[in-house]
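Observations on the three-dimensional arrangement
Read off the chains here:
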Amino acid sequence: MHPLSKEQLEQSRSIQAQILQSAAKHKRGQLAKGLGVDTTTVGRWLDSSHKDSRLIQFAAILAMCNLKVVPINMRCYDSQKIDILFHLAKDSFNRLEVVDDFFMTPMTDQGVHNE
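Residues numbered from 1 in each chain as written. Predicted model: local features only at pLDDT ≥ 70, side-chain atom pairs only at ≥ 80, totals over all residues. Heavy atoms only, no water.

Digging into helix 3 (residues 39-46)
Restricting attention to buried positions, one finds in helix 3 the residues Thr41, Val42, Gly43 and Leu46. Turning to helix 3, the residues buried within the fold contact helix 1 (6-24), helix 2 (28-35) and helix 4 (55-64). (Buried < 20%, exposed > 50% of the residue type's maximum accessible area, 1.4 Å probe, protein only. Helix = DSSP H or I, 4+ residues; strand = E, 2+ residues; numbered from the N terminus. Contact = heavy atoms within 4.5 Å.)

Quick look at the structure:
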């Protein structure tokens, strides 16, 4: 077995913490019912000190695959695309000289304001 890199190990621990925090918000009986297993089985899987724990291995798999756990209401975006949008917005704001420039109505090619 190849050991995890320092970064992967940190990510794996973060994943474990996120899973445990989220699982703590739910009753183990509900989790067990949803998985079709006994409540004690879920407890063993989540207990990293137990020999039958699946948490450490599952988190390690996600870390090795460069994946992470995020809440369902979060959205993930490509950081390169966000960086491009940030620079475009920054460039636009750098062209402004006073706050009123931000609220100016754009002019058409004929020099007439659009309304």
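Focus: a nonpolar patch on the surface
A surface patch of nonpolar side chains, about 550 Å² in accessible area, is lined by Tyr77, Ile82, Ile84, Leu85 and Leu88. Among the structural elements, Leu85 can be located in helix 5 (residues 79-94). (Patch = residues over 30% accessible without salt bridge, like charges linked within 9 Å, V, L, I, M, F, W, Y side chains within 5 Å. Areas by Shrake-Rupley, 256 points an atom, 1.4 Å probe, with all protein chains shown as cover. Salt bridge = Lys/Arg side-chain N within 4 Å of Asp/Glu carboxyl O.)

Here we look at the pattern of salt bridges
When the charged atoms of two side chains lie near each other, side chains of opposite charge can form a pair. In the structure shown here, the tally under the stated rule is three salt bridges. Between Arg44 and Asp52 there is a salt bridge, with the nearest N and O atoms lying 3.7 Å from each other. You can call Arg44 partly exposed: its relative accessible area is 28%. Asp52 gets classed as partly exposed once you look at its relative accessible area, which sits at 26%. Between Lys51 and Asp52 there is a salt bridge, with its nearest N and O atoms 3.8 Å apart.

Observations concerning the packing of helix 1 against helix 4
With their axes 8 Å apart at the nearest point, helix 1 and helix 4 run at an angle of 125 degrees to one another. The orientation of helix 1 relative to helix 4 falls into the category oblique. For the pair helix 1 and helix 4, the crossing hand works out as right-handed. Contacts between helix 1 and helix 4 involve Gln8, Gln11, Ser12, Ile15, Gln16, Ile19 and Leu20 on the former and, on the latter, Leu55, Ile56, Phe58, Ala59, Ala60, Leu62, Ala63 and Met64. Per-class residue counts for the contact of helix 1 with helix 4 are eleven nonpolar, four polar and no charged. (Axes fitted to C-alpha atoms, helices over the stretch in contact; angles between N-to-C directions. Parallel < 35°, antiparallel > 145°, perpendicular 65-115°, else oblique. Left-handed = near helix turned anticlockwise from the far one by under 90°. Nonpolar A, V, L, I, M, F, W, Y, C, P; charged D, E, K, R; others polar.)

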